[in-house]
Amino acid sequence: MGTVLDSHFLALTAIVTVGYQLFFFIITALLKFDKVTDFAGSTNFIIIAVLTLVLKGTWHFRQVVLTLLVVIWGLRLAVFLLMRILNWGEDRRFDEMRGNLGKLAIFWIFQAVWVWTVSLPVTVVNASDGGPSLHAADIIGWIMWSVGISVEATADQQKLIFKNSPENRGKWCNVGLWKYTRHPNYFGEIFLWWGIFVASTPVLKGAEWLVILGPIFLTLLLLFVSGIPMLEESADKKFGNVAAYRVYKKTTSPLIPLPPVVYGRLPSWLRTTFLFEFPFYSRNLPQEGQNWYRTGMGEGNDGLKMG
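Rules used in this analysis
- Residues numbered from 1 in each chain as written.
- Predicted model: local features only at pLDDT ≥ 70, side-chain atom pairs only at ≥ 80, totals over all residues.
- Heavy atoms only, no water.
- Buried < 20%, exposed > 50% of the residue type's maximum accessible area, 1.4 Å probe, protein only.
- Helix = DSSP H or I, 4+ residues; strand = E, 2+ residues; numbered from the N terminus.
- Contact = heavy atoms within 4.5 Å.
- Axes fitted to C-alpha atoms, helices over the stretch in contact; angles between N-to-C directions.
- Parallel < 35°, antiparallel > 145°, perpendicular 65-115°, else oblique.
- Nonpolar A, V, L, I, M, F, W, Y, C, P; charged D, E, K, R; others polar.
- Patch = residues over 30% accessible without salt bridge, like charges linked within 9 Å, V, L, I, M, F, W, Y side chains within 5 Å.
- Areas by Shrake-Rupley, 256 points an atom, 1.4 Å probe, with all protein chains shown as cover.
- Salt bridge = Lys/Arg side-chain N within 4 Å of Asp/Glu carboxyl O.

1. Thoughts on helix H11 (residues 243-251)
- Listed in full, the buried residues belonging to H11 are Ala243, Tyr245, Arg246, Tyr248 and Lys249.
- Tucked into the core, H11 has its buried residues touching strand E1 (171-172) and helix H10 (228-239).

Below, the structure is given as structure tokens:
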């Protein structure tokens, strides 16, 4: 078992990830400085990708391309999230953790698991001895990554500009890509990592196909744990009594971009089954008639982003 782990860099990347996250956890715990959290997560992906590529030393085109894609994604996200938190102040995710070392430790453990698991496709590709020449899957995966990172970067920039505008203070973001999905940045994130997986498939054999757990884990994380549910809850509590927000939520897809005129007319069973409009996303939305009023736009939900 140890040989298998080492041959695929699984043990090495686990040790590196735990050590890297532990270093930043100690900084956060001792200095109560939590502004480096997202930076630690996204840069950890870069370290894993580059380290495995260099250690293997075969430098096959597929390995170089996938490593480069991860590096580009990680650098963009690390810089964006670091600048955002430095500009906007404290990270509200840690309001209940700063004085609770146990909760803080659980968060960092979870982040380490997230980094290691989602990195699995590129880790295994970089550990391979070569593999076949370029396949259609490579091109499809690279295209998916390109679309995903374009959507994610555009959505992040649109929301940043929106929130930095004084006239939008106290409003939710529904401009640009945010007109077509309530979480375009998460759609881009999920789509690009599925692209990384698709581009890794030409070299996968036997148990190596378990690297699909990477994009699956990320998708489940954003759909059910630290992504959409928390942001939906926050936005519903802020704007649930605002008529315009209720219309926005009713006619805007939670994840997959769709024109509001189309999404708003779809039956609820179709939205739930195929478009991820789960009922618990609205469990904090007040019932109509319970002190809800008509007004203008409201603020966009503030993104909780792990990576």
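2. With respect to the packing of helix H3 (residues 37-56) against helix H6 (residues 120-127)
- Look at H3 against H6: their axes get within 8 Å of each other, and the N-to-C directions meet at 10°. Classified by the angle their axes make, H3 and H6 are roughly parallel. The residues of H6 that touch H3, namely those facing Ile48, Ala49, Thr52, Leu53 and Lys56, are Thr123, Asn126 and Ala127.
- Of the residues belonging to the contact of H3 with H6, the class tally is four nonpolar, three polar and one charged.

3. What to know about a nonpolar patch on the surface
- Side chains of Phe110, Leu210, Leu213, Ile216, Leu220, Phe224 and Val225 sit close together on the surface and give an oily, nonpolar patch of about 590 Å² of accessible area.
- Element by element, the count of residues in the nonpolar patch is highest for helix H9 (residues 213-224), at four residues.
- With respect to the element layout, phenylalanine 224 can be found in helix H9.
- You can call phenylalanine 224 partly exposed: its relative accessible area is 39%.

4. Section: the pattern of salt bridges
- On inspection of all chains with the given rule, the structure shows nine salt bridges.
- Aspartate 156 is paired through a salt bridge with arginine 76; the nearest N and O atoms lie 2.9 Å apart. A residue pair is termed long-range when its members are at least 10 positions apart, and aspartate 156 in helix H7 (residues 136-164) and arginine 76 in helix H4 (residues 61-88) qualify at 80 residues.
- Between lysine 237 and glutamate 233 there is a salt bridge; the shortest N-O distance is 3.0 Å.

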